[in-house]
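Here is what each chain is made of, one letter per residue.
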Amino acid sequence: MSATFFAAVRGALGAGAVDVSDAVRAEYGRNRLPGGDRRPAGVVSPASTDEVATVVRLAGEHGVTLWPTSTGRNAGLGEFSPVREHQVVVHLGRRMNRIVEVDERLGYAVVEPGVTFRQLRAELARRGDTLMLSATSGPPDGGILGNALDRGAGYTPYFDHFGMLCGLEVVLPDGGVLRTGDGALAGAKTRFVNKSGFGPLLDGLFSQSNLGIVTRAAIWLMPRPPVIKGFAFAFPEDDDLAEIFELVRPLKLTNAVPTLVKVTSGSYGFGTEERYPFHRTGGAVPLPDEVRAELQDRHGTGAWLVSGALYGPSEQALEPGIERIRAHFEASGKATYVPHERMVEDPVYKIHLDTFGGEPTDRELGLLDWRPGGGATWFLPATPMLGEVAQLHQRTSRKILTEHGFDYMVEFVCGPRAARALHIIVFNREDPAEVARMNAAYQALVTAYDELGYPIGRTPTDRQEWAMGRLPEFERTCSRLKAALDPSGVLAPGKYGIE
Ligand code: ADP
């Protein structure tokens with residue numbers, strides 16, 4: 001079946017749009033997850049919305065399933081590899097990578113799936129830096145659209161990347177092309193600025209789902225502030241977390257700090273610069289508390305590093321705000337202030353400044369090499385902005401990870417009401433015993449959080465089907481939508497557990 005499909009795609013799109021070689025299938029099947037690599041049947045690379053529609057129609061005719069992906073740089077969540085083996089990767093980013101339009105007055109860029117954070121940053125700089133990107137801490141070569149559609153997030157006031165998309169152009173499983181919002185009317189001039197127009201809001205159907213392939217959209221962009229001034233505080237004890245959450249919440253609820261506030265564990269902070277010191281532990285894992293304390297001291301992170309930034313017209317205008325925030329944290333008697341000037345120079349803090357200023361950085365990816373063997377997975381629950389709950393989450397995660405031989409490396413990215421608790425778990429994927437422990441740890445984490453009432457969000461591809469199985473009525477509803485829009489199951493069956 002797939003041979004006739006690939007021949008038909010070659011005929012319609014040209015031979016260069018198809019690759020079924022073993023080497024390429026192996027490359028696109030590779031990922032870092034404990035669930036193992038998953039090879040696609042081949043890779044197709046359309047160059048336009050029409051070509052995407054052609055690929056979808058041909059897949060339907062030939063009984064082939066597709067795995068759409070933009071840049072496939074979703075490290076720790078699956079990268080290019082499909083949710084199931086033998087799905088055909090549609091690599092949108094290879095030939096659909098144009099910045100179609102930048103509107104500097106209304107603050108948006110219209111992008112194709114291959115447009116990367118680095119590329120849009122460079123284009124905005126070329127245009128005189130009037131607009132600021134909201135970057136992630138993932139790879140600068142990751143795509144704007146793929147990240148937003150999978151509900152990745154940033155750190156600036158425009159952190160909600162999916163929420164900042166407007167006017168999606170979507171190829172549906174039958175090859176039809178839907179434009180969401182005002183874009184539904186051909187020629188609408190409000191397509192990229194007004195999401196809340198007529199009828200149901202359909203945009204959400206295309207996020208963390210398999211109901212369509214998004215071929216372009218506007219991403220809203222904030223004007224770049226003339227001055228961005230960072231601040232950071234190190235707190236010495238693991239259990240200071242409860243107090244930190246209580247201190248951060250009012251700053252976000254009142255918008256006294258416009259960026260999100262990061263509360264980063266010492267290990268997550270120094271883990272970008274250090275490698276696991278096996279020589280110090282005699283090969284034992286996880287990191288003993290005394291070695292961790294030493295590394296926290298060496299890098300000045302404390303057990304927790306709290307960071308954010310203020311925006312304003314001048315250094316002088318921001319000074320009183322920084323002083324107020326300093327007084328707020330220092331009143332705890334525990335916080336050590338880290339000024340902006342030090343953040344600029346020290347790589348551990350520079351990451352924070354970069355992300356608050358919309359500069360894509362690859363430094364945080366250093367965490368992936370904390371331990372050898374190339375394995376990484378993300379565990380992403382949300383933590384309400386309540387000290388006692390943050391403490392409960394810390395204790396729960398730390399205990400489970402420690403018992404399974406992994407380091408507790410977490411960054412709480414705090415908004416007014418909830419933080420995303422970005423747990424990064426790196427492990428040796430070449431050691432089957434460690435992979436088994438990794439799987440057991442992940443399972444134990446999700447189960448413990450479920451029982452406490454705190455579900456996971458964005459989920460690695462090797463866990464999505466299992467995760468959906470916990471949500472019967474939600475699954476039934478998603479399946480009915482799937483059956484209505486994609487009755488023959490062309491698009492990524494099994495993605496986020498939707499069949
Ligand atoms: P990134 O490289 O930006 O991190 P990926 O290309 O790996 O993102 O995609 C992340 C997720 O979003 C994957 O699950 C992928 O299937 C989905 N996705 C990416 N781009 C699209 C798209 N244009 N339309 C529909 N789904 C997409």
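Remember, it's a predicted structure, so these values are computed and weren't measured experimentally.

### So, the sheet that holds strand β4 (residues 88-91)
Moving on, step 1. Taking strand neighbours across the sheet as the criterion, the 4 strands line up as β1-β2-β4-β3 in an open arrangement whose pairing is mixed. Looking at which strands have only one partner, the edges of the open sheet turn out to be β1 (18-19) and β3 (66-69).
Moving on, step 2. Bridge analysis of β1 against strand β2 (residues 42-44) gives 2 bridges, and the strand direction is antiparallel. The residue bridging D19 from the neighbouring strand is V43, located in β2.
Moving on, step 3. Sitting on the sheet, helix α2 (residues 22-29) is in contact with β1, β2 and β4, with an inclination near 85° to β2.

### Some points on the domain arrangement of the chain
By a widely used convention, the size of an interface equals the accessible area lost when the partners come together.
Moving on, step 1. Parsing the chain into structural domains produces domain 1 (2-94), domain 2 (99-223) and domain 3 (227-458).
Moving on, step 2. When each unit is reduced to the centre of its C-alpha atoms, the spacing between domain 1 and domain 3 is 35 Å.
Moving on, step 3. Taken together, the contacts link 10 residues of domain 1 with 13 residues of domain 3.
Moving on, step 4. Across the interface of domain 1 and domain 3, roughly 910 Å² is buried in total on both sides, 53% from carbon and sulfur atoms.
Moving on, step 5. A per-residue breakdown of the area domain 1 buries against domain 3 is headed by R32, P34 and L77, which together make up 62% of the total.
Moving on, step 6. Applying the counting rule to domain 1 against domain 3 returns 1 salt bridge.
Moving on, step 7. The partner of D37 in a salt bridge is R429, with the nearest N and O atoms 2.7 Å apart.
Moving on, step 8. Between domain 1 and domain 3 we count 7 residue pairs in polar contact (both at pLDDT 80 or more) in total.

### What about the packing of aromatic side chains?
Moving on, step 1. Within this structure, the stated rule accounts for 15 aromatic pairs.
Moving on, step 2. With a centroid separation of 5.2 Å and 90° between ring planes, the pair formed by F245 and F412 is classed as edge-to-face. You can see F245 sitting in helix α7 (residues 241-253) and its partner F412 sitting in strand β18 (residues 410-414), a full 167 residues away along the chain.
Moving on, step 3. Classification of F245 by relative accessible area gives buried; the value is 0%.
Moving on, step 4. Ring plane angle 55° and centroid distance 5.9 Å describe the contact between F270 and W370, whose orientation is recorded as tilted. Of this pair, F270 sits in helix α8 (residues 266-270) while W370 sits in the loop between α13 (347-356) and β16 (374-379); the two residues are 100 residues apart in sequence, bridging distant segments of the chain.
Moving on, step 5. Under the relative-accessibility criterion, F270 is labelled buried at 0%.
Moving on, step 6. Here W370 falls in the buried class, since its relative accessible area comes to 1%.
Moving on, step 7. Taken together, the ring pairs in this structure connect F231, F233, F235, F329 and Y337 into an aromatic cluster.
Moving on, step 8. In this arrangement the basic side chain of K495 is found over the ring face of W67, its NZ or CZ atom lying 5.4 Å from the centre.

Cut-off values and rules
- Along each chain, residue indices are assigned from 1 in the same order as the chain's sequence is written.
- Local features in this predicted model are restricted to residues whose pLDDT is 70 or higher, and side-chain atom pairs enter the listing and the counts only when it is 80 or higher, whereas totals over whole chains, interfaces and linings include all residues.
- Side-chain descriptors were evaluated using all non-hydrogen atoms of the structure, hydrogens and water having been removed beforehand.
- Any two strands with at least two DSSP bridges between them are considered paired.
- For the purposes of this entry, the term helix denotes a DSSP run of H or I that reaches at least four residues, the term strand denotes a run of E that reaches at least two, and both are numbered from the N terminus.
- Pairs of residues are marked as contacts when any of their non-hydrogen atoms sit within 4.5 Å.
- Interaxial angle, 0 to 180 degrees, is taken between N-to-C directions of lines fitted to C-alpha atoms, where a helix line uses only the stretch in contact.
- Here the bounds of each domain stem from an automatic or database domain assignment.
- The quantity reported as buried area is the accessible area (1.4 Å probe) lost by two parts once they are put together, taken as the sum for both.
- Note on definitions: salt bridges are taken to be side-chain nitrogens of Lys or Arg within 4 Å of carboxyl oxygens of Asp or Glu.
- Two N or O atoms count as a polar contact when they lie within 3.5 Å, although within protein this holds only if one can serve as hydrogen donor and the other as acceptor, and sequence-adjacent residues are included solely when both atoms are side-chain atoms.
- Stacked, edge-to-face and tilted are the three classes for Phe, Tyr and Trp ring pairs, Trp counted by its six-membered ring, which pair at centre distances within 6.5 Å; planes under 30 degrees apart are stacked, over 60 edge-to-face, the rest tilted.
- In this scheme, a residue with accessible area under 20% of its type's maximum is buried, one over 50% is exposed, and one in between is partly exposed, where area comes from a 1.4 Å probe on protein chains only.
- By definition here, charges over rings are those cases where NZ of Lys or CZ of Arg is within 6 Å of the ring centre and within 35 degrees of the ring normal.

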